[in-house]
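Observations on chain architecture
Listed below, chain by chain, are the residues.
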2 protein chains.
Amino acid sequence: MSSTRRLRSLNIDNINPHVKEAKYAVRGELAIKSEEFRAQLKRGDPPTPPESPLPFDTVISANIGNPQQLDQKPITFIRQVLALLENPALLENEEALKSSFGYKQDVIDRARWLLKEVGSVGAYSQSAGAPGIRQSVANFIERRDGFPANKDDIYLSAGASSGVNTLLHVIWAKPETGVLVPIPQYPLYTATLSVLNARCVPYYLDESNAWSTELAGIREAYDKAVSEGTDVRAIVIINPGNPTGASLPEKDVEETIKFAAEKNLVIMADEVYQTNVFVGEFHSFKGVLRKLQKNEPGKYDTVELASLNSVSKGMVGECGHRAGYFELVGFDPEVQAQIYKFISIMLCPPVTGQCLLEMVVNPPKQGDPSFELYDEEYNYVKNGLKKRATALYEAFQQMEGVEVGEPQGSMYLFPTITLPEKAQEAAKEADRSPDEFYCLRLLDATGICVVPGSGFGQKPGTLHLRTTFLAPGTDWVGRWTKFHKEFLEKYR
Amino acid sequence: MSSTRRLRSLNIDNINPHVKEAKYAVRGELAIKSEEFRAQLKRGDPPTPPESPLPFDTVISANIGNPQQLDQKPITFIRQVLALLENPALLENEEALKSSFGYKQDVIDRARWLLKEVGSVGAYSQSAGAPGIRQSVANFIERRDGFPANKDDIYLSAGASSGVNTLLHVIWAKPETGVLVPIPQYPLYTATLSVLNARCVPYYLDESNAWSTELAGIREAYDKAVSEGTDVRAIVIINPGNPTGASLPEKDVEETIKFAAEKNLVIMADEVYQTNVFVGEFHSFKGVLRKLQKNEPGKYDTVELASLNSVSKGMVGECGHRAGYFELVGFDPEVQAQIYKFISIMLCPPVTGQCLLEMVVNPPKQGDPSFELYDEEYNYVKNGLKKRATALYEAFQQMEGVEVGEPQGSMYLFPTITLPEKAQEAAKEADRSPDEFYCLRLLDATGICVVPGSGFGQKPGTLHLRTTFLAPGTDWVGRWTKFHKEFLEKYR
């Protein structure tokens, strides 16, 4: 190596500084460490130094909403159709599909229809997705809201994440561009704003009121940003909430729209958990906006709303297929043309995922041959999520220094944790924030991976963590309860 | 509408100027128009004004390398396995799979192995892709080059496009950051550099020498850029070429590596057409770099190379599945950690696509039950591509004012066209570049969609167009020949 006459072109000090600034804790240090533990357990051998034997025999990935990594089964109807799309030769023997594999006629019909729409799942589609599938999405939105939707305002995407990336890219205009982001938030928003060199304008959600939006706080955050020279152009709302699990009442949605109209802000409504609601019901921004427009004609005509949805969440949990969509409402056609061009550079979203999305928005209906099984599977998942949420909630109720509201929606609980003075000192010594310190110790001791509240943002002086309630069984909750007790005893 | 009291937040004059500047002709105006024609033909009704009846009955999308949109059939082995991954319940009746659908044992075995590696195709994988699949890619690279590859340097991506986007994001550091890009080029590069507000440093390929790289030209472009204050950090090479169809001799690859070493440039080797080679053989940058490193120890140790590959091209043409990978060679581990974090923000590439990639890099081997059919299908596609390339090449030979070299590789021909004075005047009047004018007339008259050379870049004063040679049959070539003759007569 002594003869190496040159340094590398790229090093940590000369690459994109905005990429360096971006933080994405959901897949950060803790997640990487948990994967190493998982690999060590898989190898099964005695550990190779510096590894030590692990005090647990499974890793519980509660850091990310990844239902099928845990025990959630896919919906049969969807996967039966996808198999036919991947291998249309199977359609040449309908009898065998039915007799040997229990395929129903509506599965076969759907596959034939989707194949007609996309040609082949191996072909690029139009940049915004296959027109027939976008029409299905528009029909779904119409049924959901009771107001028309237009397929040409629907853009299919590789998960909602890719849609957020597109929208923030177009909204950004200069380093002073600001976007209102709830705190706590899903770190996709802050990470993307960092990469874009835009300003994140944080507004706090109201923990004391089930993590709802609090208009006075939004207004204050907006005014402060404007006074600092920020050109605030958009507001992000995540409903149901991530990481909070909150499900917003209609009034909060309405107030947010009115505020956006007043300040001329684009509304980015992240509604990927729209079917994961346990308390009350989901109120879509599109539906509430259309009602406002109907009740006060002219007043909200030019409100710009982008609402996002995904197949990764809901009762299907098909994260690995990377599919989603966003609907644009009230956008300038010239701006939409730029959005179309921007997404064209990446050609098109995965076509298998587009087809999957079609089935999510247009599932078997009562009376269809596949309906009964579909309905059973859907409700099994839904009830399972609620049961697990409740079990975890009850376990937290029993843990000293842990406070959390009743589960309302999404896939997460976001409890406040109060840690003893000594634990906070130990964290400081380890050069960690106290919540990070707690989560690291939890992982090391139990194999349970969760994300510290600092990864999502939290009010100064408060500590939280986010855990999914997807992992099956109660054994892992027991491990956690035991750890928590020992942790408190150690640092009391 | 008169009561509308506010303007929209976003308009064409205040959105991201860098998005606005980006150009992506492959899916631009011509492609959009061709889709409208296709929709009109599908409706079949008499046209609704202002539409007029179309003088053709099919649209030929020769604007984009999308084999399965035309008549290319997917490889049976791959699609049989994918069907099992989507619906693992099919594996519960192996007998029926074999007897009713002709599944072979190796198909079943591969599906079981892939399911073990990914868990479920509906689950997120690790951000860089499932480890077992990355290992398969590393094995493929080792077999191809005769030098080791490490799975931890392999990053799976949603097509090569997404890999290019990642790499350019990390390489960018400031508006003066420059990247050497061949002209003509695939516009992904210039479009992404525009969005990033980086400088494209164009270097011309040598049309008179089968579109090979010409070191003197690269050197000149580099020196000029540096003298203008550009911080040139990387060089893009597309081999086999897009849009040129060139296949680079080993000497060109070697010279480019030496130049990159001299100037401390990251090499971005776009090698997505590595199996689409008709003349000579493919020389991978990785293989040539390792040979140089072996022959002159120490001299090239820190050369940074990113080489990209895709399932969209080759003989599988599985564009719709959005899968690919890039391998990093010689990168600083701290920089790789930033790349890992960056891709984590989008969670992971489509998992079905990851599995497909595994089969592309690790196809059935001689002696495997599926080998014979696989081999037959592979060669059928390969020979078909060569046959079509040759047919189109011969048709161009017969067209007045069209010059093109013998097809060497990729999926494209990029002929020079010479247009009469009067045609150039008509173009000017229509506010079009002459090549764009010709391509628009071609589309209007024949339904054949190709991309003007200006969409890829060309030497001033020259005119080209890019066409794929994927469309089946010869009828469309006949339509083109007839159009060309009439066009020349009209403007003679």
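All of these numbers come straight from a predicted model, not from anything done at the bench.

The rules behind the values
- Residues numbered from 1 in each chain as written.
- Chains lettered and ligands numbered in written order.
- Predicted model: local features only at pLDDT ≥ 70, side-chain atom pairs only at ≥ 80, totals over all residues.
- Heavy atoms only, no water.
- Helix = DSSP H or I, 4+ residues; strand = E, 2+ residues; numbered from the N terminus.
- Rg over C-alpha atoms; globule rule 2.2 N^0.38 Å.
- Buried < 20%, exposed > 50% of the residue type's maximum accessible area, 1.4 Å probe, protein only.
- Contact = heavy atoms within 4.5 Å.
- Axes fitted to C-alpha atoms, helices over the stretch in contact; angles between N-to-C directions.
- Parallel < 35°, antiparallel > 145°, perpendicular 65-115°, else oblique.
- Left-handed = near helix turned anticlockwise from the far one by under 90°.
- Nonpolar A, V, L, I, M, F, W, Y, C, P; charged D, E, K, R; others polar.
- Buried area = accessible area lost by both parts, 1.4 Å probe.
- Salt bridge = Lys/Arg side-chain N within 4 Å of Asp/Glu carboxyl O.
- Pairing = 2+ DSSP bridges.
- UniProt positions renumbered as here; feature names shortened; annotations may be inferred.
- Least-squares fit on C-alpha atoms with pLDDT ≥ 70 in both.
- Expected span 1.5 Å × (residues − 1).
- Right-handed = clockwise from strand over helix to strand, strands pointing away.
- Disulfide = S-S within 2.5 Å.
- Phe/Tyr/Trp six-rings, centres within 6.5 Å; stacked < 30°, edge-to-face > 60°.
- Lys NZ or Arg CZ within 6 Å of the ring centre and 35° of its normal.

Some thoughts on the overall build of chain A
- When its secondary structure is counted, chain A shows 17 helices and 14 strands.
- In terms of overall size, chain A behaves like a compact globule, its C-alpha atoms giving a radius of gyration of 24 Å where 492 residues would be expected to give roughly 23 Å.
- For chain A, the spread of C-alpha atoms along the principal axes amounts to about 65 × 65 × 65 Å.
- A total of 492 residues make up chain A; the buried ones form 62% of that total.
- Of the contacts made within chain A by residues no fewer than 6 positions apart, 72% connect residues no fewer than 24 positions apart.

Considerations on the packing of helix H16 (residues 434-446) of chain B against helix H17 (residues 475-491) of chain B
All names here are of chain B.
- Where H16 meets H17, the axes come as close as 10 Å, and the angle between the chain directions of the two elements is 125 degrees. Here H16 is positioned oblique relative to H17, judged by the angle of their axes. Classified by chirality, the crossing of H17 by H16 is right-handed. Together, Phe437, Tyr438, Arg441, Leu442, Ala445 and Thr446 of H16 and Arg479, Trp480, Phe483, His484, Phe487 and Tyr491 of H17 make up the contact between the two elements.
- Here the contact of H16 with H17 is composed, by residue class, of 8 nonpolar, 2 polar and 2 charged.

With respect to the interface of chain A and chain B
- The interface of chain A with chain B comprises 107 residues on the first partner and 107 residues on the second.
- Interface area, chain A with chain B, both sides summed: about 8,800 Å², of which 56% is carbon and sulfur.
- Taken together, chain A and chain B are joined by 2 salt bridges.
- A salt bridge links Glu86(B) to Arg79(A), with the shortest nitrogen-to-oxygen separation between them at 3.9 Å.

A closer look at the sheet that holds strand E13 (residues 451-452) of chain A
Residues and elements named next belong to chain A.
- Overall, antiparallel pairing links the 3 strands, which are arranged E10-E14-E13 in an open sheet. Whereas interior strands pair on both sides, the edge strands pair on one side only; in this sheet they are strand E10 (412-413) and E13.
- Examined bridge by bridge, E10 and strand E14 (residues 465-468) share 2 bridges and lie antiparallel to one another. Across the sheet, the residue bridging to leucine 413 is threonine 467, located in E14.

Let's talk about the UniProt feature "domain: Aminotransferase class I/classII large" (unreviewed entry) in chain A
- What UniProt calls "domain: Aminotransferase class I/classII large" (unreviewed entry) maps, in this numbering, to residues 115-474 of chain A.
- When the span residues 115-474 of chain A is considered, its composition is 42% helix and 16% strand, and the gap between its end C-alpha atoms is 43 Å.

Topic: the packing of helix H5 (residues 105-118) of chain B against helix H6 (residues 131-145) of chain B
Residue and element names in this part refer to chain B.
- The contact between H5 and H6 brings their axes to 7 Å, and the two run at 120 degrees. As the angle between them shows, H5 and H6 are arranged oblique. Packed against H5, whose contacting residues are Trp113, Leu114, Glu117 and Val118, the element H6 presents Gly132, Ile133 and Ser136 at the interface.
- Residue classes in the contact of H5 with H6 are distributed as 4 nonpolar, 2 polar and 1 charged.

Describing the relation of the copies chain A and chain B
- Mapping chain A onto chain B calls for a rotation angle of 180 degrees and an axial translation of 0.0 Å; the resulting RMSD is 0.0 Å. Those values place the two copies in the arrangement expected of a two-fold rotation axis. Among all C-alpha atoms of chain A, that of Ala83(A) lies closest to the rotation axis, at 2.0 Å.
- By residue overlap, the copies meet face to face through one surface: 100% of the interface positions of chain A are interface positions in chain B.

Let's talk about helix H10 (residues 250-263) of chain A
All names here are of chain A.
- Counted at 1.5 Å a residue, the expected span for H10 with its 14 residues is 20 Å, and the 20 Å between its end C-alpha atoms agrees.
- Those residues of H10 that fall on the buried side of the exposure criterion are Asp252, Val253, Thr256, Ile257, Phe259, Ala260 and Ala261.
- Elements in contact with the buried residues of H10: strand E3 (177-183), helix H9 (215-227), strand E5 (231-238), strand E6 (266-270) and helix H11 (285-295).
- Positive backbone phi, approximately 60 degrees, marks asparagine 264, located one or two places after H10.

Describing the pattern of salt bridges
Residues and elements named next belong to chain B.
- Counted by the stated rule, this structure contains 57 salt bridges over all chains.
- The shortest N-O distance in the salt bridge between lysine 174 and aspartate 231 comes to 3.8 Å. With lysine 174 in the loop between helix H7 (159-171) and strand E3 (177-183) and aspartate 231 in strand E5 (residues 231-238), this pair connects stretches of sequence that are 57 residues apart.
- Since its relative accessible area comes to 36%, lysine 174 is described here as partly exposed.
- Residue aspartate 231 is classed as partly exposed on the basis of its relative accessible area of 26%.
- A salt bridge links glutamate 228 to lysine 224; the shortest N-O distance between them is 3.4 Å.

Overview of the pairing of strand E6 (residues 266-270) of chain B
All names here are of chain B.
- Of all 5 residues making up E6, 5 are buried, and the element is well covered by its neighbours.
- Of the two faces of E6, the one holding Val266, Met268 and Asp270 and the one holding Ile267 and Ala269 are both buried throughout.
- As paired strands, E5 and E6 are joined by 5 bridges and run parallel to one another. Bridging across to E6, isoleucine 235 finds its partner in isoleucine 267.
- Since E5 and E6 lie parallel, the crossover through helix H10 (residues 250-263) that links them has a hand, and here it is right-handed.
- Pairing geometry for E6 and strand E7 (residues 305-310), over 4 bridges, is parallel. Bridge pairing links isoleucine 267 to leucine 305 in E7.

Brief notes about the state of the cysteines
- Counting across every chain of the model gives 0 disulfides over all chains.
- The closest cysteine sulfur to the non-disulfide-bonded Cys319(B) is located on Cys348(A), 8.0 Å from its own sulfur.
- Looking at Cys449(B), it has no disulfide partner, and the nearest cysteine sulfur is the one in Cys439(B), 8.4 Å off.

Structural notes on the packing of aromatic side chains
- Scanning all chains against the criterion turns up 35 aromatic pairs over all chains.
- Relative to Phe414(B), the ring of Trp211(B) lies with its centre 5.6 Å away and its plane at 65 degrees, an arrangement referred to as edge-to-face. Linking Trp211(B) in the loop between strand E4 (199-204) and helix H9 (215-227) with Phe414(B) in the loop between strand E10 (412-413) and strand E11 (416-417), this pair joins segments that are 203 residues apart in sequence.
- Taken together, the ring pairs in this structure connect Phe437(A), Tyr438(A), Phe483(A), Phe487(A) and Tyr491(A) into an aromatic cluster.
- Above the ring of Tyr412(A), the side-chain terminus of Arg466(A) is found at 3.9 Å from the ring centroid.

A closer look at the sheet that holds E6(B)
Residues and elements named next belong to chain B.
- Strand order in the open sheet made by the 7 strands is E2-E8-E7-E6-E5-E3-E4, with mixed pairing throughout. A strand with exactly one partner marks an edge of an open sheet, and here the two such strands are strand E2 (154-157) and E4. Here the strands of the sheet are splayed against their neighbours by 20 degrees on average, with no regard to which way each runs.
- In the sheet, E3 pairs with E4 via 6 bridges, with the strands oriented parallel. In the sheet register, glycine 178 faces E4, and the bridge partner there is arginine 199.
- Here H7 sits on the sheet and contacts E2, E3, E5, E6, E7 and strand E8 (324-329); the angle it forms with E7, its principal contact strand, is near 160 degrees.
- Across the sheet, H10 is in contact with E3, E5 and E6; its angle to E5 comes to roughly 170 degrees.

Let's talk about unusual backbone geometry
- For the bond running from Ile183(A) to Pro184(A), omega is 0 degrees, close enough to zero to count as cis.
- Phi is positive for Trp211(A), which is not a glycine, with a value near 55 degrees.
- A relative accessible area of 11% means that Trp211(A) is categorised as buried.
- The backbone of Leu347(B) shows a phi angle near 75 degrees, a positive value even though the residue is not glycine.
- Inspection of the secondary structure assignment puts Leu347(B) in the loop between helix H12 (333-344) and helix H13 (351-361).

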